[in-house]
Amino acid sequence: MKYKDYYAALGIARGASDDDIKKAYRRLARKYHPDVSKEAGAEEKFKDVAEAYQTLKDPQKRAAYDQLGSHAPGQEFEPPPNWQQQYSEAPFAPEDLDLGDLFAHLRGASAAGGGPAGARRARRSLPGQDYEIAVSISVEEAFHGTQINLDLNMPEYDAQGGLRRVPHTVRARIPKGATDGQRLRLPGKGGKGFNGGRDGDLYLNISLRAHPLYRADGHDLYLDLPLAPWEAVLGTSVEVPTPAGAVRLKVPPGTQAGRQLRPAQRGLPKPREGQGDLYAIVQIAVPAKVGDAERELYQRLAQTSAFDPRGHFVESGHAN
Amino acid sequence: MQIEASEVLWFEQHVLTLPELAELSGLPTAMLQELFDWGAITPLEHGTHEIRFGASALRSARSARRLQADFELDLQGVAVALRLLERIGELEAQLQALRARLPQQAPAGLELGRS
């Protein structure tokens, strides 16, 4: 079993008072709770903080934890002799076990006096735990659908009511149409229930990875379409990439920057039917360097053209 | 190692009765009923027959259970927190929609202003 330093997780000294423990937990929970925090890695941090708090807030569990002694975090260790008989309600094999799982199932102070918990558990059914996992997929995977393997390592009860970690892999098909913020539910793939309790569920929270070309909003995709000034003025036909392959897009003469050209139904497919759109947003791109001949043409254009892009400044009386 | 294939359900396809919502969220029905009475959990539609809940109710109910357990909140506190989280969700969706429409600074491959 690997040691975890619960005092360090809460940022407190070993001799901290119950009040200090509660305060430290509250402060860290506000900072890292996954429903509240958007900080990177918040979920993992909160898990550590919550696990530490669940053990240290309970005087009996805290005493059991303190008797394990102090080791370096991650160091393999064994509980002292008799520790298991004194505190644990069910047999366990330390090498298979996570310290947090062990303490979650120790008899706490609130349950004291209720007889051996192993006996209670034998009669009671317990539902398995639900888990949420963040899964990030590419725009292409969202478009075509994909298959992912989830390597899971969840605590399970054995026939004696003891706990062990069982690594296993679940294969899930991410159907096409999953997009940013969408969730999928894998029924029964969470923690196993005990004694007839229902198996927990696995929830996948989908996010889309940033793409060099496309930006997603729901099932719609946005793409910048740079045009040369003469293309925008004269109109043209350009090839535009889409997740389903390139399409030809007609750019009408006199196309302004910011205009959205929309090849219909070229966005991400929607879960049951329909498809989002792809919007190509026109940008007028200007060459950073021009040769002499080109410069001369621009100069002639400047002398010939009567176009005044800022005419409305004067009309509204805000210039001159 | 054995690979288990799994059934995958769209979160959005859930249509749940109150007891089903209780089972999936881990909150007791009485508590869900109270959150519902406060408008913190909204049903799919108000009808004459049994109330049905959808994905947004399931999301809220699961959040409610976590908030209640992890912050030791009373139900009124949970209801307020849910309302605020929902509001933040709406604002983030708007922000993402606007960002998607915003052109990136320079067309890829062109190094503007570095001649």
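Please read these numbers as outputs of a predicted model, since none were measured by experiment.

## Structural notes on the overall build of chain B
The secondary structure content of chain B amounts to 4 helices and 2 strands. When the elements of chain B are put in sequence order from the N terminus, they spell out β-β-α-α-α-α. For chain B, the proportion of its 115 residues judged to be buried stands at 36%. Across chain B, every contact between residues at least 6 apart in sequence was considered, and the portion connecting residues at least 24 apart equals 53%.

## Quick notes on the overall build of chain A
Per the secondary structure count, chain A includes 11 helices and 11 strands. Expected size for 320 residues packed as a compact globule is a radius of gyration near 20 Å; at 31 Å, chain A overshoots this value by more than 25%. With the principal axes as the frame, chain A shows a C-alpha extent of 95 × 45 × 35 Å. For chain A, buried positions account for 43% of its 320 residues. Taken as a whole, chain A presents about 17100 Å² of accessible surface, with 50% of it coming from carbon and sulfur. Between the mean site of the 43 positive side-chain charges and the mean site of the 41 negative ones, chain A shows a separation of 3 Å.

## A few points about the packing of aromatic side chains
Residues and elements named next belong to chain A. Tallied over the full model, the rule gives 13 aromatic pairs over all chains. When the centroid spacing of 5.9 Å and the interplanar angle of 50° are considered together, the rings of Y7 and Y65 count as tilted. Remark: Y65 occurs in helix α4 (residues 59–66) and Y7 occurs in helix α1 (residues 6–10); sequence separation between them is 58 residues. The class of Y7 is buried, set by a relative accessible area of 1%. Ring geometry for Y25 against F46: centres 6.5 Å apart, planes inclined by 45°, an arrangement best described as tilted. Linking Y25 in helix α2 (residues 18–32) with F46 in helix α3 (residues 42–56), this pair joins segments that are 21 residues apart in sequence. Each member of the pair, Y25 as well as F46, is classed as buried.

## A word on the pattern of salt bridges
Residue and element names in this part refer to chain A. Using the criterion set out here, one finds 23 salt bridges over all chains in the structure. D201 is the salt-bridge partner of R185, the closest N and O atoms lying 2.9 Å from each other. Linking R185 in strand β4 (residues 183–186) with D201 in the loop between β4 and β5 (202–208), this pair joins segments that are 16 residues apart in sequence. Residue class for R185 comes out buried when judged on its relative accessible area of 10%.

## Digging into the sheet that holds strand β3 (residues 163–174) of chain A
With mixed pairing, 3 strands are arranged side by side in an open sheet as β2(A)-β3(A)-β1(B). Taken across any chain shown, the strands that pair with only one partner, and hence form the sheet edges, are β2 (146–157) of chain A together with β1 (3–6) of chain B. Averaged over all adjacent pairs, the angle separating strand axes in this sheet is 35°, with direction ignored. In this sheet, β3(A) lies alongside β2(A) in antiparallel orientation, the contact comprising 12 bridges. Paired with D151(A) across the strands is T169(A), a residue of β3(A).

## Remarks on the interface of chain B and chain A
With 41 residues of chain B at the interface, the matching set in chain A holds 53 residues. Carbon and sulfur atoms supply 52% of the area that chain B and chain A bury against each other, a total of about 4100 Å² over both sides. Taken together, the connections running from chain B to chain A amount to 8 salt bridges. In this structure, R101(B) engages D217(A) in a salt bridge whose closest nitrogen and oxygen atoms are separated by 3.1 Å. For the interface between chain B and chain A, the tally reads 22 residue pairs in polar contact (both at pLDDT 80 or more). Counting residues per element, the ones that place at least two in the side of chain B that touches chain A are β1, β2 (9–10), α1 (18–25), α3 (55–71) and α4 (75–101) of chain B.

## Focus: the confidence of the model for chain A
Mean pLDDT over chain A: 87, with 90% of residues reaching 70 or higher. A low-confidence stretch, residues 112–121 of chain A stays under pLDDT 50, and its non-local contacts, those more than four residues away or across chains, total 17 contacts.

## So, the layout of surface pockets
Residue and element names in this part refer to chain A. As a volume, the second largest pocket reaches approximately 380 Å³. Taken together, P229, A232, V233, G254, T255, Q256, A257, I284, L301, A302, S305 and F307 make up the full set of residues lining the second largest pocket. Only α9 (229–234) and α10 (292–304) provide two or more residues apiece to the lining of the second largest pocket. Top contributing element to the lining of the second largest pocket by residue count: α9, with 3 residues. Across the lining of the second largest pocket, the residue classes tally to 8 nonpolar, 4 polar and no charged.

## Notes on a positive patch on the surface
Residues and elements named next belong to chain A. A surface patch of like charges, here positive, comprises R27, R30, K31 and K45. Examining the composition of the positive patch, we find that 3 residues originate from one element, α2, more than from any other. With respect to the element layout, K31 can be found in helix α2.

## A short note on the side chain of T55(A)
Residue and element names in this part refer to chain A. With respect to the helices and strands, the residue T55 is situated in helix α3. Judged by its relative accessible area of 2%, T55 falls in the buried class. When residues no more than four places from it in sequence are discounted, the contact partners of T55 are Y6, K61, R62, Y65 and F103.

## Examining the nonpolar core
All names here are of chain A. Within the largest apolar cluster, 37 residues are counted, with the highest numbers of intra-cluster contacts made by I137, L150, I174, L204, L225 and V240. Those residues in contact with L150, other than ones at most four positions away along the chain, are I133, V135, H168, T169, V170, A172, L186, L202 and L204. The next biggest cluster of nonpolar side chains, apart from the first, holds 35 residues, and it includes A24, A42, F46 and A50.

## Examining α3(B)
Residues lying three or four places apart along an α-helix face the same way, a consequence of the helix completing one turn every 3.6 residues. All names here are of chain B. Spanning 17 residues, α3 covers 24 Å between terminal C-alpha atoms, matching the ideal 24 Å at 1.5 Å per step. Residues A55, A57, L58, S60, A61, R62, S63, A64, R66, L67 and D70 constitute the buried set of α3. Positioned one or two residues after α3, E72 has a phi angle of 50°, which is positive.

Rules and cut-offs
- Residues numbered from 1 in each chain as written.
- Chains lettered and ligands numbered in written order.
- Predicted model: local features only at pLDDT ≥ 70, side-chain atom pairs only at ≥ 80, totals over all residues.
- Heavy atoms only, no water.
- Helix = DSSP H or I, 4+ residues; strand = E, 2+ residues; numbered from the N terminus.
- Buried < 20%, exposed > 50% of the residue type's maximum accessible area, 1.4 Å probe, protein only.
- Contact = heavy atoms within 4.5 Å.
- Rg over C-alpha atoms; globule rule 2.2 N^0.38 Å.
- Areas by Shrake-Rupley, 256 points an atom, 1.4 Å probe, with all protein chains shown as cover.
- Lys, Arg positive; Asp, Glu negative; His and termini not counted.
- Charge placed at Lys NZ, Arg CZ, Asp CG, Glu CD.
- Phe/Tyr/Trp six-rings, centres within 6.5 Å; stacked < 30°, edge-to-face > 60°.
- Salt bridge = Lys/Arg side-chain N within 4 Å of Asp/Glu carboxyl O.
- Pairing = 2+ DSSP bridges.
- Axes fitted to C-alpha atoms, helices over the stretch in contact; angles between N-to-C directions.
- Buried area = accessible area lost by both parts, 1.4 Å probe.
- Polar contact = N/O pair within 3.5 Å; in protein donor to acceptor, adjacent residues only side chain to side chain.
- pLDDT = per-residue confidence, 0-100.
- 1 Å grid on protein atoms, 1.4 Å probe; cavity = no way out; pocket = protein on both sides within 12 Å on 5 of 7 lines; lining within 4 Å.
- Points joined across faces, edges and corners; volume = space filled by probe spheres on them.
- Nonpolar A, V, L, I, M, F, W, Y, C, P; charged D, E, K, R; others polar.
- Patch = residues over 30% accessible without salt bridge, like charges linked within 9 Å, V, L, I, M, F, W, Y side chains within 5 Å.
- Core = buried A, V, L, I, M, F, W, Y, C linked by side-chain atoms within 4.5 Å.
- Expected span 1.5 Å × (residues − 1).

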